[in-house]
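Spelled out from the first residue to the last, the chains are:
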Amino acid sequence: MILHVNKVVTLFAIALLGVCLLPLLAEEIQEPKADDNSKIEMMRYLLNAWSIRTKEKRTEPLRFVHEPVMQYHDPRYKVTKGAIWRLGDKGRPRAYVAVEMDHPQDTAGRATFEFVSMSEGPFRIEGQNVSWQPWEVEAKFQPFPDGPQPADTPEGRLDQMEQMAIRFSAEEMLGRELIHLNLHPTPFDRYQTTEDQNSDAAVFFFERGFNPEVFLIFETDGKTWNYGCARLSAAANLVKLDGKEVWNCPKISVRPKEDQIRYQWTNGYTANRHVFHLPRELQSSQFRFERNRAVPAKRIPSETKPPQVPAKPEEAKPVPKKETDSPKTDNQSKACC
């Protein structure tokens, strides 16, 4: 009988503790989500501050899609928030740009940008510490050997691309360490290459931990399959199909050695890193970012202050003017390693 009572008391105590901790757990779950949203808003603000020029005749301006196509983080390498943004909203994207935040604080922090050109056509991105005009396409495509007949439905084609993807493997040489990259099982982007009904494409990636390092792209015009690879890393990478090497890229460096290449703004892949400072009044809790300007997210009620008693003439003193310091901007940029 005593044992039964003790068991009931113990269960009641556990239930009571769970009820008390539930609000705290809910807050912990919600806080990272709100913090992630503020980082995404910062990225969007930084990207939309760039100017994008192209010589093509376009009915709509070339711009980044409003939402990132993928989000990630990499605690091992101090990436608190990373996201991949798509340039161009129709067909194969003109480029992907990865943005990684390194411990941003309010409206300041350090951001790393990685640029990957995906299709032909001259364009130029200009901005603070950015002047990218690729002379080459980073994504290299070739026919997929013995590919299946493209299915008649998007679901069927996705299943075919997933089956083709698992035949690939990838490696990365990071310093003197050879790392086997993991294939992410689902693609982060889908698009159509032509107007054909069965035209389709998907972008998979190989990752180191949680960090994407190599893109693996499949495209079909509804009749045949092509595949392509592109780097999202400064390290040397190689990709194998059924154990046979089919693609590789050398290490990229600020001071390249033999069999390496140099960071340049004309490369199909390049990267840079710089410290950014947004205006102090643009707090993410009070503003949302549209294009290259901040818009109040909601009307903030002004606080009512109690009436002040006028000071006596002999006690009145001049109020010193407050000094407002404009935020400093660090124009130095550093290529990522």
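Cut-offs used in this document
Residues numbered from 1 in each chain as written. Predicted model: local features only at pLDDT ≥ 70, side-chain atom pairs only at ≥ 80, totals over all residues. Heavy atoms only, no water. Helix = DSSP H or I, 4+ residues; strand = E, 2+ residues; numbered from the N terminus. Buried < 20%, exposed > 50% of the residue type's maximum accessible area, 1.4 Å probe, protein only. Contact = heavy atoms within 4.5 Å. Areas by Shrake-Rupley, 256 points an atom, 1.4 Å probe, with all protein chains shown as cover. Pairing = 2+ DSSP bridges. Axes fitted to C-alpha atoms, helices over the stretch in contact; angles between N-to-C directions. Phe/Tyr/Trp six-rings, centres within 6.5 Å; stacked < 30°, edge-to-face > 60°. Core = buried A, V, L, I, M, F, W, Y, C linked by side-chain atoms within 4.5 Å. Polar contact = N/O pair within 3.5 Å; in protein donor to acceptor, adjacent residues only side chain to side chain. Salt bridge = Lys/Arg side-chain N within 4 Å of Asp/Glu carboxyl O.

Caption draft 1: Looking closely at the overall build of the protein chain. A count of helices and strands for the protein chain gives two helices and 22 strands. For the protein chain, the residues scored as buried account for 39% of the 337 residues in total. In the protein chain, 57% of the contacts between residues at least 6 apart in sequence involve partners at least 24 apart. Surface summary for the protein chain: the accessible area is close to 21,200 Å², and the carbon and sulfur share equals 53%.

Caption draft 2: Up close: unusual backbone geometry. One non-glycine residue, Asn 129, lies in positive phi territory at about 60 degrees. Considering the arrangement of structural elements, one finds Asn 129 in the loop between β6 (123–127) and β7 (130–132). With relative accessibility at 18%, the residue Asn 129 sits in the buried group. Positive phi, close to 55 degrees, is recorded for Asp 242, a residue that is not glycine. With respect to the helices, strands and loops of the structure, Asp 242 is situated in the loop between β15 (236–241) and β16 (244–249).

Caption draft 3: Spatial organisation of the sheet that holds β7. Read across the open sheet, the three strands follow the order β1-β6-β7; overall the sheet is antiparallel. The open sheet is flanked by β1 (51–54) and β7, the only strands paired with a single partner. Shown here is a sheet whose adjacent strand axes are inclined to one another by a mean of 15 degrees, direction ignored.

Caption draft 4: Examining the packing of aromatic side chains more closely. Per the stated rule, a full pass over the model turns up 17 aromatic pairs. Between the aromatic rings of Phe 115 and Trp 265, the centroid separation amounts to 5.7 Å while the plane-to-plane angle is 75 degrees, which identifies the pairing as edge-to-face. Here Phe 115 is found in strand β5 (residues 108–117), whereas its partner Trp 265 is found in the loop between β18 (261–262) and β19 (269–277), with 150 residues between them in sequence. Overall, the relative accessible area of 0% leaves Phe 115 in the buried class. Members of the aromatic cluster, connected to one another through ring pairs, are Trp 50, Phe 64, Phe 113, Phe 115, Phe 123, Trp 132 and Trp 265.

Caption draft 5: Focus on the nonpolar core. Core analysis: the largest hydrophobic core is formed by 25 residues, its most contacted members being Leu 47, Trp 50, Phe 64, Trp 85, Val 97, Phe 113 and Ile 125. Residue assignment for this core shows that the elements contributing at least two residues are α1 (2–48), β3 (79–87), β4 (95–105), β5, β6 and β7. With six residues, α1 is the single largest residue contributor to this core. If near-sequence neighbours (up to four positions away) are discounted, Leu 47 is found in contact with Phe 64, Trp 85, Val 97, Val 99 and Phe 113.

Caption draft 6: Layout of the side chain of Arg 231. Of note, Arg 231 is situated in strand β14 (residues 225–231). For Arg 231, the side chain forms a polar contact with the main-chain oxygen of Ser 233, separated by 2.8 Å. Looking at Arg 231, its side chain comes within polar contact range of the main-chain oxygen of Pro 250, at 2.8 Å.

Caption draft 7: Representation of the environment of Phe 218 in the model. Assignment of secondary structure puts Phe 218 in strand β13 (residues 211–220). When the C-alpha atoms of Phe 218 and Asp 200 are compared, they prove to be 8.3 Å apart, with 18 residues separating the residues in sequence.

Caption draft 8: Region of the structure containing the side chain of Asn 237. Position of Asn 237 among the secondary structure elements: in strand β15. Take Asn 237: its relative accessible area is 3%, and that puts it in the buried class. Within the local environment of Asn 237, its side chain forms a polar contact with the backbone oxygen of Ala 235, the two atoms lying 2.8 Å apart. Ignoring any residue separated from it by four or fewer positions in sequence, one finds Asn 237 in contact with Glu 171, Glu 172, Leu 181, Val 214, Trp 247, Asn 248 and Cys 249.

Caption draft 9: Quick look at the pattern of salt bridges. Within this structure, the stated rule accounts for eleven salt bridges. Between Arg 92 and Glu 219 there is a salt bridge, and its shortest N-O distance comes to 2.8 Å. Separated by 127 residues along the polypeptide, Arg 92 in the loop between β3 and β4 and Glu 219 in strand β13 bring together distant segments of the chain. For Arg 92, a relative accessible area of 29% translates into the label partly exposed. Glu 219 gets classed as buried once you look at its relative accessible area, which sits at 7%. The network of salt bridges with common partners includes Glu 41, Arg 44 and Glu 67.

Take it as geometry only, folks, not as evidence of what the structure does.
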